[in-house]
Each structure stands twice: as structure tokens, then as C-alpha cells.
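This is what each chain is made of:
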Amino acid sequence: MKQSIEIINEACARHRNSVIAFSGGSDSIVLVDIIYRHTPHRPPLVFVDSGMEHPATQDFINKVALAYSAEVNIARPAKPYADQWAAQGWPMLGKLAARQWMQKHKGFGYKLDVSSCCRNMKISPGRKLTKQLGATLQFTGQRGEADDALRGLRALKDTATKYLEADKLTVCNPLQGWTDTMINRYKTENKLPRHPSWEEGAITIGCLYCGGGAQYTNSGFKILRHILPDKWREYIVGMKAGEIILSVKHNRPLDHIREAVEKLGGLDELANSRPWIFDYLSYPPLKGYTK
Ligand code: SF4
């Protein structure tokens, strides 16, 4: 923790105004706690509401902000998530895996793109609001390698504090290098608040409809089906995500899947009679995914 505090103090010495990118997840709560309880700095929180948040998230964000007497600001993306997916691709498989999948499936009738979704629905709105608030520094709870393989590779060449030319903003990751064990220990020892969805069985406090990892045994689609069945149905049947899931899983173009679904009685019927067929993007699901 000493190193994290040094990183925070050094960054704040160079920037008059900063914010904390706050998602409500474990890492960002640890970061808020360290900054507010162990440093004199009081950056406001910036939360990005992608439109896909857990129904309890907004209350939870307010509760945390109140506990630390922190100002909280809400950013929103420029377009609805459905428009984002139609234009650039559905958020499924993961950043690298979606890119590789697209190279081999160009004529499948839809696109997958996790990077653009995250950029447009989360990252850019947060950075835009950060600058509108007059801040030149954004703290995030990203942990590098322990967080995500691609981020880990970037962390090898990046320092914890980095100026992003494209965004004209400095981003600082004071928790870089923290492991899951360190985060969990810190949360327990300091009795940090927990988002209610952990108790329901969620594995991440992120977008409800994110399929970036839905090829693994702990797929977010399966968890969504169990914890928020109405939201799951809206996604699978209402937005027809079920067709995309089956197309990826069975490696068949969208047209073929639609024909097959029609013959079996339609998406609604399948969601009633065999809901588990929409749980994973691969069958059998892959093992070993821990995030
Ligand atoms: S977490 Fe998933 S759904 Fe949410 S913005 Fe990122 S890619 Fe999109």
C-alpha cells in the first residue's frame, strides 16, 4: 500500500485537479478507500452509467460516496448500447478473442467488438466528463497483469502514471501490481462496502449484458439468467442476442441460426424450454477463467 500512496501523492503533486474513475467494483472501492483515508487528496468520483448497470448500482454508488463524503458525477455515453453493437459489434468473447474471431467470420451477418464497446460506452464518456470537470488526472483501479492479460502486456511498458495523447489526459493506476489476494485482504481488513450483487452470485460489477468471457464456465450470461431473469429475457429474446450467441457457439452464420430457431418455435420458446442453450459462447465452455 505504501507504494500506491507514493504513486497517488506524486501524481497529485503534478496535477491540481483529479478524479477517481469509480465503477462500484472491488478495485475502485479499494482505491477510493486508500485515497480518502490515507492521503489528503479528495478527488470527486466519476461513474459511467452505460445503461447496462445492475439495478442496485446507482444506490450503491451513492452509498459509497456518502460514506466518504465524496462528490459523485455521472457520465453517460453518446449513444444507446444497442446502436453501438449494431454499428461496431456485440461485446462478446473478449478483446483479443473477438478480434481474432472477426478475422475468420466476416460474412456471418454481424460483428463482435469488445474494445469499441468499452471505449465508447465506458472509457470515453468517463474521460470526457473528467475533462469537463477541469481535471487533468484520472485515477483508475486497473491492476495490470492481475486484472487482464492484455493490460498486463501494456503494463510491462507503461508506468503507473501515463499521459494519453489521444485523450489529452493523464491516467494513474496506483493499484498496478496488486493481486486478487491483496484486494480481498484489504477489503476484509477494512470492512469495505460490497455491492449487493456479490451476494446474488455475480462475479463482477460490470455491464449486465457483457459477453466478454461468456465462453468460460463462469459466463456472465448464465449468471444474468439466474440473478435477473427479466433482464436476461430482454437481452436474449427482446434484443435477439440469443441468435448471436447460438451463431458464435455453433459456428454458423446468422441466417442459418435464424432458420433453425424458427423451426424450433422461435427465440421466446427456446428461452422458456431450453434457456441454458444461451449460457455459453462455446460448448463445452472453457475452463480456467477467473476474472
Ligand atoms: S464491460 Fe462489456 S458491455 Fe460494458 S462497456 Fe465494456 S465491453 Fe461493453
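Residues numbered from 1 in each chain as written. Predicted model: local features only at pLDDT ≥ 70, side-chain atom pairs only at ≥ 80, totals over all residues. Heavy atoms only, no water.

> Would you mind showing me how to read the overall build of the protein here?
Along its length, the protein carries 14 helices and 6 strands. In terms of overall dimensions, the protein has C-alpha extents of about 65 × 40 × 35 Å along its principal axes. Buried positions account for 50% of the 291 residues belonging to the protein. When contacts within the protein are restricted to residue pairs at least 6 apart in sequence, long-range pairs at least 24 apart make up 73% of them. Carbon and sulfur atoms make up 52% of the accessible area of the protein, which amounts to about 14600 Å² in all. A distance of 4 Å separates the average location of the 40 positive side-chain charges in the protein from that of its 29 negative side-chain charges. (Helix = DSSP H or I, 4+ residues; strand = E, 2+ residues; numbered from the N terminus. Buried < 20%, exposed > 50% of the residue type's maximum accessible area, 1.4 Å probe, protein only. Contact = heavy atoms within 4.5 Å. Areas by Shrake-Rupley, 256 points an atom, 1.4 Å probe, with all protein chains shown as cover. Lys, Arg positive; Asp, Glu negative; His and termini not counted. Charge placed at Lys NZ, Arg CZ, Asp CG, Glu CD.)

> Can you help me understand the environment of G141 in this one?
Note on placement: G141 falls in the loop between β4 (137-139) and α7 (149-157). Judged by its relative accessible area of 12%, G141 is buried. As a C-alpha pair, G141 and T39 span 102 residues in sequence and 16 Å in three-dimensional space. Those residues in contact with G141 that sit more than four places away from it in its chain are D27, L31 and L175.

> In this structure, what is going on with the environment of I5? I would like to understand it.
In this structure, I5 sits in helix α1 (residues 2-14). With 26 residues separating them in the primary sequence, I5 and L31 have C-alpha atoms 9.9 Å apart. Apart from the residues within four sequence positions on either side, I5 is in contact with I34, H38 and T39.

> Where do I start with the packing of aromatic side chains in this structure?
Think of a pair of aromatic rings as described by two things: how far the centres are apart, and how the planes are tilted against each other in angle. Inspection of every chain in the model, using the stated rule, returns 12 aromatic pairs. Geometrically, the ring pair formed by W85 and Y235 is edge-to-face, given 6.1 Å between the ring centres and 80° between the ring planes. Residue W85 is found in helix α4 (residues 81-88), and its partner Y235 is found in helix α11 (residues 229-238); the two are separated by 150 residues along the sequence. Each member of the pair W85 and Y235 is classed as buried. Judged by centre distance (5.5 Å) and plane angle (40°), the ring pair of F221 and Y235 falls under tilted. Taken together, the residues span a long stretch of sequence, with F221 in helix α10 (residues 220-227) and Y235 in helix α11 at a distance of 14 residues. A residue is classified by how much of its surface remains accessible, and F221, at 1% relative accessible area, is buried. Every member of this aromatic cluster is reached through a ring pair, and the members are Y81, W85, W90, Y209, F221 and Y235. (Phe/Tyr/Trp six-rings, centres within 6.5 Å; stacked < 30°, edge-to-face > 60°.)

> Looking at this structure, how should I read the environment of Y81?
Counting through the fold element by element, Y81 comes out in helix α4. Separated by 108 residues in sequence, Y81 and E189 place their C-alpha atoms 38 Å apart. Apart from the residues lying within four places of it in its own chain, the contact partners of Y81 are S50, G51, M52, M121, Y209, E234 and M239.

> Would you take a moment to explain the sheet that holds β4 for this structure?
Across a sheet, strands are paired by hydrogen bonds formed along the backbone, either parallel or antiparallel in direction. In spatial order, the strands read β3-β2-β1-β4-β6-β5; together these 6 strands make up an open sheet with mixed pairing. Unpaired on one side and paired on the other, β3 (72-75) and β5 (161-164) mark the two borders of the sheet. Shown here is a sheet whose adjacent strand axes are inclined to one another by a mean of 30°, direction ignored. Where β4 lies against strand β6 (residues 169-172), 3 bridges are found, and the strand directions are parallel. What sits directly across from L137, in β6, is T170. (Pairing = 2+ DSSP bridges. Axes fitted to C-alpha atoms, helices over the stretch in contact; angles between N-to-C directions.)

> Please clarify how unusual backbone geometry should be interpreted in this entry.
Across residues other than glycine, the phi torsion is negative in most instances, and most of the peptide bonds are trans. With an omega of -5°, the peptide bond between Y283 and P284 qualifies as cis. Within the secondary structure, P284 sits in the segment after α14 (267-273). Backbone geometry at S69 places phi at a positive 50°, although glycine is not the residue there. By secondary structure assignment, the location of S69 is in the loop between α3 (57-67) and β3. Positive phi, normally seen in glycine, also occurs at K240, with a value near 60°. Within the secondary structure layout, K240 lies in the loop between α11 and α12 (241-250). The class of K240 is partly exposed, set by a relative accessible area of 44%.

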